[in-house]
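Residues per chain, in single letters:
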Amino acid sequence: MMNAVRIHEYGPPEALCFERVPRPAAGPGEVLIRVRAAGVNPGDWQMRSGWAAEKFGLSLTLPFTPGYDLAGVVEETGPGAERYLAGDRVFGMTATAGAYAEYAAVPESRLAPLPAALDYVHAAGVPMSAFTAWTAVHEQSILTPGQTALINGVSGGVGHYAVQFAKLEGARVIAVTSGRNRTFAQSLGADEVFDYTTDDWVELEGAADAVIDTVGGEWTDALVRSVRQGGTLVPVGWGQYSQALAETIGVRVQKLLMAPFEAARLEWIGELLSAGDLHVEIGAEMRLLEAVRAHALSESRRARGKIVLRTEA
Ligand SMILES: NC(=O)c1ccc[n+]([C@@H]2O[C@H](COP(=O)([O-])OP(=O)(O)OC[C@H]3O[C@@H](n4cnc5c(N)ncnc54)[C@H](OP(=O)(O)O)[C@@H]3O)[C@@H](O)[C@H]2O)c1
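Starting from 1, residues in each chain are numbered consecutively following that chain's sequence as written. For this predicted model, a pLDDT threshold of at least 70 governs which residues receive local features, and a threshold of 80 or more governs which side-chain atom pairs are given and counted, while totals over whole chains, interfaces and linings are taken from all residues. With hydrogens and water set aside, each side-chain value is computed from the structure's full complement of heavy atoms.

**Overview of the overall build of the protein**
Next up, step 1: Here a strand is any run of E in DSSP of at least two residues, a helix any run of H or I of at least four, and the numbering for each starts at the N terminus. For the protein, the helix and strand inventory stands at ten helices and 15 strands.
Next up, step 2: C-alpha atoms define the radius of gyration, and 2.2 Å times the number of residues to the power 0.38 defines the globule rule. For 313 residues, the compact-globule estimate of 2.2 N^0.38 gives 20 Å, and the C-alpha radius of gyration of the protein, at 19 Å, lies within 12% of that figure.
Next up, step 3: Taking the principal axes of the C-alpha coordinates as reference, the protein spans close to 60 × 40 × 35 Å.
Next up, step 4: In this scheme, a residue with accessible area under 20% of its type's maximum is buried, one over 50% is exposed, and one in between is partly exposed, where area comes from a 1.4 Å probe on protein chains only. Considering the protein as a whole, with its 313 residues, one finds that 55% of them fall into the buried category.
Next up, step 5: Note on contacts: a residue pair is in contact if any heavy atoms of the two residues lie within 4.5 Å. Of the contacts formed within the protein by residues at least 6 apart in sequence, a portion of 64% connects residues at least 24 apart.
Next up, step 6: Each accessible area is a Shrake-Rupley estimate made with a 1.4 Å probe; only the visible protein chains count as cover when residues are assessed. With an accessible surface of roughly 13200 Å², the protein has 50% of that area assigned to carbon and sulfur atoms.
Next up, step 7: The positive count covers Lys and Arg only, the negative count covers Asp and Glu only, and His and the chain ends enter neither. Charge coordinates come from a single atom per side chain, which is NZ of Lys, CZ of Arg, CG of Asp or CD of Glu. Each charge class in the protein was averaged separately, 26 positive and 37 negative side chains, and the resulting centres sit 2 Å apart.

**Regarding the packing of helix 4 (residues 127-140) against helix 5 (residues 157-168)**
Next up, step 1: Geometry is summarised by axes, namely lines fitted to C-alpha atoms with helices restricted to the contacting stretch, and by angles between N-to-C directions that run from 0 to 180 degrees. Axis separation between helix 4 and helix 5 bottoms out at 8 Å; the angle between their running directions is 45°. One element, helix 4, and the other, helix 5, form an angle in the oblique class. Pair helix 4 / helix 5 crosses with right-handed handedness. Residues Ser 129, Ala 130, Thr 132, Ala 133, Trp 134, Val 137 and His 138 of helix 4 lie in contact with helix 5, whose contacting residues are Gly 157, Val 158, Tyr 161, Ala 162, Phe 165 and Ala 166.
Next up, step 2: The nonpolar class holds Ala, Val, Leu, Ile, Met, Phe, Trp, Tyr, Cys and Pro. Asp, Glu, Lys and Arg form the charged class, and all remaining residues, Gly among them, are polar. Here the contact of helix 4 with helix 5 is composed, by residue class, of nine nonpolar, four polar and no charged. Comment on the angle field: the value is read as roughly parallel under 35 degrees, roughly antiparallel over 145, roughly perpendicular from 65 to 115, and oblique elsewhere. Helix crossings fall into two classes, left-handed where the near helix is turned counterclockwise from the far one by less than a right angle and right-handed where it is turned clockwise.

**Quick notes on the environment of Leu 16**
Next up, step 1: As for its position among the elements, Leu 16 is in strand 2 (residues 16-21).
Next up, step 2: Distance from Leu 16 to Pro 66, taken between C-alpha atoms, is 9.0 Å for residues 50 residues apart in sequence.
Next up, step 3: Every residue in contact with Leu 16, bar those within four places of it in the chain, is listed here: Val 5, Arg 6, Ile 7, Arg 48, Pro 66, Ala 291, Val 292 and His 295.

**A short note on the environment of His 295**
Next up, step 1: You can see His 295 is positioned in helix 10 (residues 291-299).
Next up, step 2: Here His 295 falls in the buried class, since its relative accessible area comes to 0%.
Next up, step 3: Once residues lying within four places of it in the same chain are set aside, the contact partners of His 295 are Pro 13, Leu 16, Val 40, Asp 44, Trp 45, Arg 48 and Tyr 100.
Next up, step 4: Engagement of the side chain of His 295 in a polar contact is seen with the side chain of Arg 48, the distance being 2.9 Å. Here a polar contact means two N or O atoms within 3.5 Å. Within protein one must be a hydrogen donor candidate and the other an acceptor candidate, and residues neighboring in sequence count only if both atoms are side-chain atoms.

**Brief notes about the environment of Phe 165**
Next up, step 1: Inspection of the secondary structure puts Phe 165 in helix 5.
Next up, step 2: Owing to a relative accessible area of 0%, Phe 165 belongs among the buried residues under this scheme.
Next up, step 3: Each C-alpha atom, one on Phe 165 and one on Glu 9, is 38 Å from the other, the two residues being 156 residues apart in sequence.
Next up, step 4: Beyond its immediate stretch of four places on either side in the chain, Phe 165 contacts Ala 130, Ala 133, Trp 134, Val 137, His 138, Trp 268, Ile 269, Leu 272 and Leu 278.

**Some points on the site of the ligand**
Next up, step 1: Around the ligand sit 26 residues in total, of which Ser 155, Ser 178, Tyr 196, Leu 257 and Ala 303 are the nearest.
Next up, step 2: Thr 177 is positioned such that a nitrogen or oxygen atom in its side chain is 3.5 Å from an oxygen atom of the ligand.
Next up, step 3: Tyr 196 places a side-chain nitrogen or oxygen 2.4 Å from an oxygen atom of the ligand.
Next up, step 4: For the ligand, whose unbound accessible area comes to 930 Å², protein coverage reaches 90%.
Next up, step 5: For the shell around the ligand, the elements supplying multiple residues, two or more each, are helix 1 (42-48), helix 4 and helix 5.
Next up, step 6: Residue composition of the shell around the ligand, by class: ten nonpolar, 13 polar and three charged.
Next up, step 7: Note that domain bounds follow an automatic or database assignment of domains. Here the shell around the ligand gathers at least three residues from each of two domains, domain 1 (2-126 + 280-310) and domain 2 (129-253). Here a residue is near a molecule or strand as soon as one of its heavy atoms is found within 4 Å of it.

**What to know about the domain arrangement of the protein**
Next up, step 1: Looking at the assigned domains, one finds that the protein contains domain 1 (2-126 + 280-310) and domain 2 (129-253).
Next up, step 2: A straight line from the C-alpha centre of domain 1 to that of domain 2 covers 28 Å.
Next up, step 3: Across the contact, 15 residues belong to domain 1 and 15 residues belong to domain 2.
Next up, step 4: Across the domain 1/domain 2 interface, buried area totals approximately 1100 Å², and carbon plus sulfur atoms make up 45% of it.
Next up, step 5: Within this document, salt bridges are pairs made up of a side-chain nitrogen of Lys or Arg and a carboxyl oxygen of Asp or Glu, the two lying within 4 Å of each other. Counting every contact that joins domain 1 to domain 2 gives zero salt bridges.
Next up, step 6: In this structure, the connection of domain 1 to domain 2 is made through twelve residue pairs in polar contact (both at pLDDT 80 or more).
Next up, step 7: At three residues, the largest contribution of residues to the side of domain 1 that touches domain 2 is made by helix 2 (residues 51-56).
Next up, step 8: Of the residues belonging to the side of domain 1 that touches domain 2, the class tally is six nonpolar, three polar and six charged. Put simply, buried area is how much 1.4 Å-probe accessible surface two parts lose in total, over both of them, once they are put together.

So this is what it looks like as C-alpha cells:
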C-alpha cells in the first residue's frame, strides 16, 4: 500500500483526498518510481474541477490520482524495460496522471536521468511547463535572432521558461506581468517589463514579432494588436482570439498544442539547468498531504514559477 492523493468526483480543491491505496506495479516497458516530488500544473486542477472535461473532453476514469510531472528513484523495472536500473534517479512525466503519490508506474520512454546538480523538487518543476514553453518558442513562434517576443504571464510556470528560451534564441523580450513580479522578470532576462495592472496596452500595439500568451481568457484583443503585421500569436492555454481582428492586422494565430514528450529534449533541458543556463523557480514547496492548498494557490493564478509537492516531510 502507499499514500496517494485521489479525486472521487469533480469539484473544488477539497475534492482532493489523501488516502491509502494499493501500490501500482510496473507493467511492460514501465518502471516503478518511488516519487520524491510531483509538480503541480494548472492542467491538474482543470481536470480535478471538471473544466478540462467540459472544455476539451479531457477526462480520466474516477477515482484517479492527479499529476504528471515527477522526480524520484527507480524502485523496480517491468518486463522489457531496459533503460534504467533500480536506484537510478530520474525525472519525467507519467502517461495518464498518477504523480501525486508515493509510487507511480511510468513508461521508461517518458523519463530522463536526473542530473547530479538537480534536486528532486526542482526537477519536478520542469517537464510539462518547460516542454510547453520550448514548443511555443522554438516551434510555434517563428522567431529569428534579434526579433521581439512578447510573453504574457512571464512569472508563471510556462512563462518563466518561455522568457529564458526566447533569450537563449537571441530574441528581445517584452515581459507582461504585474508590478510585484517586475524584478523577477528582469532577473530572467526580460529587456522590457510591461505592468498589465498599470500600463496602457496602446503602448504595445505592433510591438512584437511573436506573442506567447500563457494567460488567455476572453479579453485578448489587446494582445492580438500587440503583434506586428505578419507576426505570430501563440496561445498556450485556452483563450478567445478574434480571428477577424487577426486577419485585419495580418496576424497568424497558432493552434493550441499539447507539447509532446521527448526524453532527449528533457535531457537537454536538464543539461541547461545543470550548467546554470536555465533557472527553475520554485514559488511554493509543500507536502503531498497539502495538495488542497497547492491547488488553491495554482487556481488563484497568483503563483510564481512552479508549485511542487514533496512526498516526504
Ligand atoms: N498547452 C499545454 O500543453 C499546456 C501545458 C501547461 C500549461 N498550459 C496552460 O498554460 C496556462 C499557463 O500555465 P502556467 O503553468 O504558466 O500558469 P501559472 O503558473 O498558474 O500562472 C500564474 C502566473 O500568471 C500570472 N498572471 C495571472 N494573470 C495575469 C494577467 N492577466 N496578465 C499577466 N500575467 C498574469 C501571475 O502573475 P501576476 O501575479 O504577476 O499576475 C502568475 O505568476 C494555463 O492555462 C495552463 O493550463 C498549457
